[in-house]
Amino acid sequence: MAILNILQYPDPRLYTVAKPVDNVDAKVKKLIDDMAETMYDAPGIGLAATQVNVHQQIIVIDTSENKKDLQVFINPRINTKVGSQDYEEGCLSVPGVYETVTRADSIVVEALDRNGKPFKIEADGLLAVCIQHEMDHLLGKVFVQYLSPLKQNRIKTKMQKMQRGR
Ligand code: GNR
Ligand code: NI
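This structure is a prediction, so every number in the text was calculated from the model and none was measured.

> Any details on the overall build of the protein chain? Residues and values, ideally.
When its secondary structure is counted, the protein chain shows three helices and seven strands. Counting from the amino terminus, helix and strand elements in the protein chain follow one another as α-β-β-β-β-β-β-β-α-α. Taken against the 2.2 N^0.38 rule, which gives 15 Å for 166 residues, the C-alpha radius of gyration of the protein chain at 15 Å falls within 12% of a compact globule. In terms of its C-alpha atoms, the protein chain occupies a principal-axis envelope of roughly 45 × 40 × 30 Å. Among the 166 residues that make up the protein chain, the fraction classed as buried is 45%. The long-range share in the protein chain, meaning contacts at least 24 apart out of those at least 6 apart in sequence, stands at 65%. Summed over its atoms, the accessible surface of the protein chain is roughly 8700 Å², and 50% of this surface lies on carbon and sulfur atoms. Counting 21 positive and 21 negative side-chain charges, the protein chain places the centres of these two groups 8 Å from one another.

Below you can see the structure in the form of structure tokens.
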């Protein structure tokens with residue numbers, strides 16, 4: 001296993017649209033294992049392949065208390081979105097920034113699991129937030145893009161300063 005480098009906003013590679021996985025092979029499984037290790041190490045509750053500069057539709061999530069409930073979503077599709085919820089989000093690609101985003105409250109998601117087997121789940125609360133946040137990454141979208149242009153520019157400047165080390 002390996003800890004992967006997480007791209008930092010506003011790295012333009014975060015705006016890449018991911019392609020579907022056509023075969024859940026050993027290479028994809030190795031990437032999933034490395035993504036899980038990277039997410040737990042960070043620590044975070046989710047990670048999209050986009051964030052580690054792999055532009056394939058792969059997400060890992062663990063919103064459990066004891067961090068022993070890894071969920072893998074390959075080629076995820078949202079079938080149903082119901083209601084709305086506000087949640088103060090953070091992102092491993094935008095460290096230190098927490099802002100409220102409005103998303104669907106409850107969703108039905110279809111995806112492939114780690115073995116390439118299709119499954120369907122209904123999610124609400126934090127899990128629903130996290131799935132939508134990660135699926136945005138696969139579309140090349142970072143949560144700060146929901147904020148006003150003024151806030152986005154302030155966050156960009158702050159991140160660029162941090163990345164220069166002053
Ligand atoms: O670790 C994470 N926490 C989090 C908190 C609120 C809403 C979304 C998230 S996802 C984030 C990890 C991450 O950046 N995933 O892309
Ligand atoms: Ni994120």
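Past the structure itself, the notes keep going.
> So what about the packing of aromatic side chains? Which residues, and what values?
A complete count under the given rule lists one aromatic pair for this structure. Seen in terms of ring centroids, Phe73 and Phe119 are 5.6 Å apart; in terms of plane orientation they differ by 50 degrees. Their pairing is tilted. Residue Phe73 is located in strand S3 (residues 71–82), and its partner Phe119 is located in strand S7 (residues 118–124); the two are separated by 46 residues in the primary sequence. The ring of Tyr146 has Lys141 lying over it, and the distance from NZ or CZ to the ring centre is 3.9 Å.

> Summarise the coordination of the nickel ion (ligand 2); cite the residues concerned and give the values.
Within the protein, Cys91 (SG), His133 (NE2) and His137 (NE2) serve as the donor atoms for the nickel ion (ligand 2), at 2.1 to 2.3 Å. On the basis of relative accessibility, which here comes to 9%, the residue Cys91 falls in the buried class. Judged by relative accessible area, His133 falls into the buried class, the value being 8%.

> Before we move on, could you go through the sheet that holds strand S2 (residues 58–61) and cite the residues and values that matter?
Strand order across the open sheet formed by five strands is S1-S2-S3-S6-S7, with antiparallel pairing between neighbours. For this open sheet the edge positions go to strand S1 (46–48) and S7, each flanked by a neighbour on one side alone. The average angle at which neighbouring strand axes cross in this sheet is 40 degrees, direction not considered. Bridge count for strand S6 (residues 106–112) against S7 is seven bridges, and the pairing is antiparallel. Bridge pairing in S7 links Val109 to Ile121.

> Could you give an account of helix H3 (residues 149–164), with specific residues and numbers?
Helix length check: H3, at 16 residues, gives a terminal C-alpha distance of 23 Å against a target of 22 Å (1.5 Å per residue), a fit within 8%. When we look at burial in H3, the residues that qualify are Gln152, Ile155 and Met159. Take H3 and look down its axis: the buried residues cluster within an arc of 65 degrees, on one side only. Away from its buried face by more than 90 degrees, H3 exposes Leu150, Arg154 and Arg164. Following H3 by one or two positions, Gly165 adopts a phi angle in the positive range, close to 85 degrees.

> Give a description of the pairing of S6 that names residues and reports values.
For S6, the tally of buried residues reaches five of seven residues, placing the bulk of the element in the interior. Bridging between S3 and S6 involves six bridges; their strand directions are antiparallel. Paired with Arg77 across the strands is Glu110, a residue of S6.

Conventions used here
Residues numbered from 1 in each chain as written. Chains lettered and ligands numbered in written order. Predicted model: local features only at pLDDT ≥ 70, side-chain atom pairs only at ≥ 80, totals over all residues. Heavy atoms only, no water. Helix = DSSP H or I, 4+ residues; strand = E, 2+ residues; numbered from the N terminus. Rg over C-alpha atoms; globule rule 2.2 N^0.38 Å. Buried < 20%, exposed > 50% of the residue type's maximum accessible area, 1.4 Å probe, protein only. Contact = heavy atoms within 4.5 Å. Areas by Shrake-Rupley, 256 points an atom, 1.4 Å probe, with all protein chains shown as cover. Lys, Arg positive; Asp, Glu negative; His and termini not counted. Charge placed at Lys NZ, Arg CZ, Asp CG, Glu CD. Phe/Tyr/Trp six-rings, centres within 6.5 Å; stacked < 30°, edge-to-face > 60°. Lys NZ or Arg CZ within 6 Å of the ring centre and 35° of its normal. Donors = N, O, S within 2.8 Å, 3.2 Å for Na, K, Ca; no water. Pairing = 2+ DSSP bridges. Axes fitted to C-alpha atoms, helices over the stretch in contact; angles between N-to-C directions. Expected span 1.5 Å × (residues − 1). Arc of directions from axis to C-beta.

Interpretation in functional terms is not warranted from these geometric data alone.
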